[in-house]
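Geometric and topological summary
Each chain, letter by letter, is given below.
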Amino acid sequence: MKRRIVIKIGSNVLTRDDGKLDITRMSSLVDQTAWLTSHGYEVIIVSSGAMASGRGEIKVSRRLDSVAQRQLYSALGQAKLINLYYDLFREYHLPVGQVLTMKENFNSRRAYLNQRACMTVMLENGVIPIVNENDTVSVTELMFTDNDELSGLIASMMDAETLIILSNIDGIYDGPPQEATSKVIRRVEPGSDLSEYIQSERSGFGRGGMKTKYHIARKVADEGIRVIIANGKRDHILIHLMEHPDDTEHTEFIPVGQNVSGIKKWLAHSDSFTKGSVHVNQQACKALCGDNAVSLLLVGVTSIDGDFEEGDLVNIIAPDGTKIATGRSTYSSATASQLIGQHGQRPIVHYDYLYME
């Protein structure tokens, strides 16, 4: 059975200092991906680089705002980027297919499953999916934090064994990366907290930073998927990670040894898609956070915020204002508000559609 890997290639890996696409680096990563496929790995690529691809293709006659620039350069760049991947992989007789997606496509369970079915049939037929956000139609408030977030969603959705996040540094350091005394943290065990080591600054051409990578890696590892953060600018990095991991600088998040259902995985990455909030009393909070699997009953609800329909996702809020879970509501906000505190009603969130934080 083939081992499934999601490889996220960041903007800082594929972009030169002048902001244009680094085709030499891209070619090297394709060579390594071909090596992986020949050694029994099934690969999904989440690739940045559309902006860099399109930036050098046209000179604009007037100043554009950031959204217009992103739409223009991405529209041009996506065509160039996928054609480059097509040509490079064709040398190895490996077909590729483009998958452009948006954050809202993960909101609906049906759309989520449709995306999964699309990439599944591609992999079954030997096609390497090249995934990227559709920046031509995404607007700021509906965009992914960056492709780190997207790669985490894809790894979870596709039940990957490993997620490899390639950036322009070797991993998470125990101090400022530029200081000679700082060392890469090689292993992150379940339950470890590295927030004191994480710098919030972004670098280079990417939208996200190490803070985003850490957050995504922690969440994905908690779902039973191994996560590696490594330097995509190092030669042969993918091969070295597979062949000589002990001799290769990187940070590895050790996965939690548990079997998380597909629905729970979807909910785990859906906190930004919620339409409202359900506030619960202390007794309901204690029951939900306990060791036994329980659904949220209306008798434990104290108030409803937001306007949502049956089937929409909601946050579940403890009495102290802390978010404790995400779930799919079996009621609309209007109906739920009328039934607050009542016994004998079906759960507002069934356990099967409840993800505890």
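Presented here is a report on the structure given in the accompanying data block. Here the structure is a predicted model, which is why all the values come from computation and not from measurement.

Conventions and cut-offs
Residues numbered from 1 in each chain as written. Predicted model: local features only at pLDDT ≥ 70, side-chain atom pairs only at ≥ 80, totals over all residues. Heavy atoms only, no water. Helix = DSSP H or I, 4+ residues; strand = E, 2+ residues; numbered from the N terminus. Rg over C-alpha atoms; globule rule 2.2 N^0.38 Å. Buried < 20%, exposed > 50% of the residue type's maximum accessible area, 1.4 Å probe, protein only. Contact = heavy atoms within 4.5 Å. Areas by Shrake-Rupley, 256 points an atom, 1.4 Å probe, with all protein chains shown as cover. Lys, Arg positive; Asp, Glu negative; His and termini not counted. Charge placed at Lys NZ, Arg CZ, Asp CG, Glu CD. 1 Å grid on protein atoms, 1.4 Å probe; cavity = no way out; pocket = protein on both sides within 12 Å on 5 of 7 lines; lining within 4 Å. Points joined across faces, edges and corners; volume = space filled by probe spheres on them. Nonpolar A, V, L, I, M, F, W, Y, C, P; charged D, E, K, R; others polar. Salt bridge = Lys/Arg side-chain N within 4 Å of Asp/Glu carboxyl O. Pairing = 2+ DSSP bridges. Axes fitted to C-alpha atoms, helices over the stretch in contact; angles between N-to-C directions. Patch = residues over 30% accessible without salt bridge, like charges linked within 9 Å, V, L, I, M, F, W, Y side chains within 5 Å. Polar contact = N/O pair within 3.5 Å; in protein donor to acceptor, adjacent residues only side chain to side chain.

**Some details on the overall build of the chain**
Summing up its helical and strand segments, the chain has 11 helices and 13 strands in all. Relative to the globule expectation of 21 Å for 357 residues, the C-alpha radius of gyration of the chain, 22 Å, shows essentially globular dimensions. Dimensions of the chain, computed from C-alpha atoms along their principal axes, come out at roughly 65 × 50 × 45 Å. Burial status across the chain gives 52% buried among its 357 residues. In the chain, of all internal contacts separated by at least 6 residues, the share reaching a separation of at least 24 is 73%. Accessible surface for the chain amounts to roughly 16900 Å². Of this, 47% is attributable to carbon and sulfur atoms. Both charge centroids of the chain, one from 37 positive and one from 44 negative side chains, sit 3 Å from each other.

**Quick notes on empty space enclosed by the protein**
Across all of its chains, the model carries one cavity of 30 Å³ or more by this definition. The computed volume of the largest cavity comes to approximately 40 Å³. Considering the residues around the largest cavity, the lining is formed by Ser47, Gln78, Leu81, Ile82, Tyr85, Gln98, Ile130, Val131 and Asn132. Taken together, the elements giving at least two residues each to the lining of the largest cavity come down to helix H4 (66-90) and strand S4 (128-133). Looking at the lining of the largest cavity element by element, the count peaks at four residues for H4. Looking at the lining of the largest cavity residue by residue, the class counts come to five nonpolar, four polar and no charged.

**A few points about the pattern of salt bridges**
Overall, the coordinates contain 13 salt bridges when judged by the stated rule. For Asp18, the salt bridge identified is with Arg16, shortest N-O distance 2.6 Å. We classify Arg16 as partly exposed; its relative accessible area is 36%. Through salt bridges that share partners, Lys8, Asp148 and Lys213 make up one connected network.

**Notes on the sheet that holds strand S12 (residues 323-328)**
On the basis of which strands lie adjacent, the open sheet formed by five strands has the order S10-S9-S11-S12-S13 and mixed pairing. A strand with exactly one partner marks an edge of an open sheet, and here the two such strands are strand S10 (301-306) and strand S13 (354-356). On average, each strand axis in the sheet is inclined to that of its neighbour by 25°, with strand direction left out of account. Note: strand S9 (residues 276-280) against S10, five bridges, orientation antiparallel. Directly across from Val278, in S10, lies its bridge partner Ile304.

**Structural notes on the sheet that holds S4**
Across the sheet, which stays open at both edges, the eight strands sit in the order S3-S4-S2-S1-S5-S7-S8-S6 with mixed pairing between neighbours. In the strand order of this sheet, the two ends are held by strand S3 (96-101) and strand S6 (187-188), each with one partner. Here helix H2 (residues 23-38) sits on the sheet and contacts strand S1 (3-9), strand S2 (41-47), S4 and strand S5 (162-167); the angle it forms with S2, its principal contact strand, is near 155°. Its contacts with the sheet put helix H7 (residues 210-221) on S1, S5, S6, strand S7 (226-231) and strand S8 (251-253), and the angle it makes with S7 is roughly 155°.

**Looking at a nonpolar patch on the surface**
A cluster of nonpolar side chains, namely Ile58, Val60 and Leu76, defines an oily patch on the protein surface of about 200 Å² accessible area. Among the structural elements, Ile58 can be located in the loop between helix H3 (50-55) and H4.

**Overview of the environment of Lys213**
By the secondary structure assignment, Lys213 is in helix H7. In this structure Lys213 comes out as buried when scored by relative accessible area, which is 6%. If near-sequence neighbours (up to four positions away) are discounted, Lys213 is found in contact with Lys8, Asp148, Ile165, Ser167 and Ile229. Within the local environment of Lys213, its side chain forms a polar contact with the side chain of Asp148, the two groups lying 3.0 Å apart.

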